[in-house]
Amino acid sequence: MKLIWIIFGFLSLGIGAAGAVLPFLPTFPFLMLTLFCFAKSSRRLHQWFLGTKLYQNNLESYVRNRSMTVRTKVRIMVMVTILMGFGFCMMSRVPVARVVLVLVWLCHVLYFLFGVRTLKTEKVMEE
C-alpha cells in the first residue's frame, strides 16, 4: 500500500511542479495531494517534500495557519476560473453540468474569500 501512495505522490508532484511553470495547470491541489500521499507513505519523503522550495513557496503558509498571500489566492482563483470556464464552454449541450460547474466555482471563490485568511505581505509568511 505504501508503494501506491509513493507513486501517487510522485505523480501529483510532477503535475504540481509542471503547474508552477505552466499557467493553465493548477499547482496548489496537486501539491496538497503530494503532501498527503507522502505523509501516508514515508516519513522520509514527507520531510524531504517539506524542505523543497515548491512546498515552501506554495503551501507552507496555508498548511501552517490556513492563510495565503493575496498574490497566491488570486493566482489560484484565476486559474480555477479559467479551467472551469473552459469546461463551462465545452458543456454547452449539458445545462445541468453547467449549473454544477457554476455552483462549484462559486463555492471555490467563497472559500478563498472567507475561509482562507489573507496575509498582508510576504514577510508575514516567514515569521
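Being a predicted model, the structure only gives us computed values, none of them experimental.

Rules used in this analysis
- Residues numbered from 1 in each chain as written.
- Predicted model: local features only at pLDDT ≥ 70, side-chain atom pairs only at ≥ 80, totals over all residues.
- Heavy atoms only, no water.
- Core = buried A, V, L, I, M, F, W, Y, C linked by side-chain atoms within 4.5 Å.
- Buried < 20%, exposed > 50% of the residue type's maximum accessible area, 1.4 Å probe, protein only.
- Contact = heavy atoms within 4.5 Å.
- Helix = DSSP H or I, 4+ residues; strand = E, 2+ residues; numbered from the N terminus.
- pLDDT = per-residue confidence, 0-100.
- Phe/Tyr/Trp six-rings, centres within 6.5 Å; stacked < 30°, edge-to-face > 60°.
- Lys NZ or Arg CZ within 6 Å of the ring centre and 35° of its normal.

A. The nonpolar core, seen in detail. Counting 19 residues, the largest nonpolar core has Phe 28, Phe 49, Leu 59, Met 68, Ile 76 and Phe 112 as the members making the most contacts within it. With residues up to four places along the chain from it excluded, the contact list for Ile 76 reads Phe 28, Met 68, His 108 and Phe 112.

B. Molecular detail of unusual backbone geometry. Look at Arg 66: it is not a glycine, yet its phi comes out positive at around 50 degrees. Structurally, the position occupied by Arg 66 is in the loop between helix 5 (60-65) and strand 1 (67-69). Since its relative accessible area comes to 42%, Arg 66 is described here as partly exposed.

C. How the structure looks around the confidence of the model for the chain. Scored by pLDDT, the chain comes out at a mean of 86, with 93% of its residues at no less than 70. Within the chain, helix 3 (residues 43-50) carries the highest mean pLDDT (94), whereas helix 8 (residues 122-126) carries the lowest (48).

D. View of the packing of aromatic side chains. Under the criterion given, the structure shown has seven aromatic pairs. With 5.7 Å between their ring centres and 90 degrees between their planes, Tyr 111 and Phe 112 make a pair best called edge-to-face. Relative accessible area serves as the criterion here: at 33%, Tyr 111 is assigned to the partly exposed category. One residue, Arg 98, lies across the ring of Phe 88, its end atom 4.1 Å from the ring centre.

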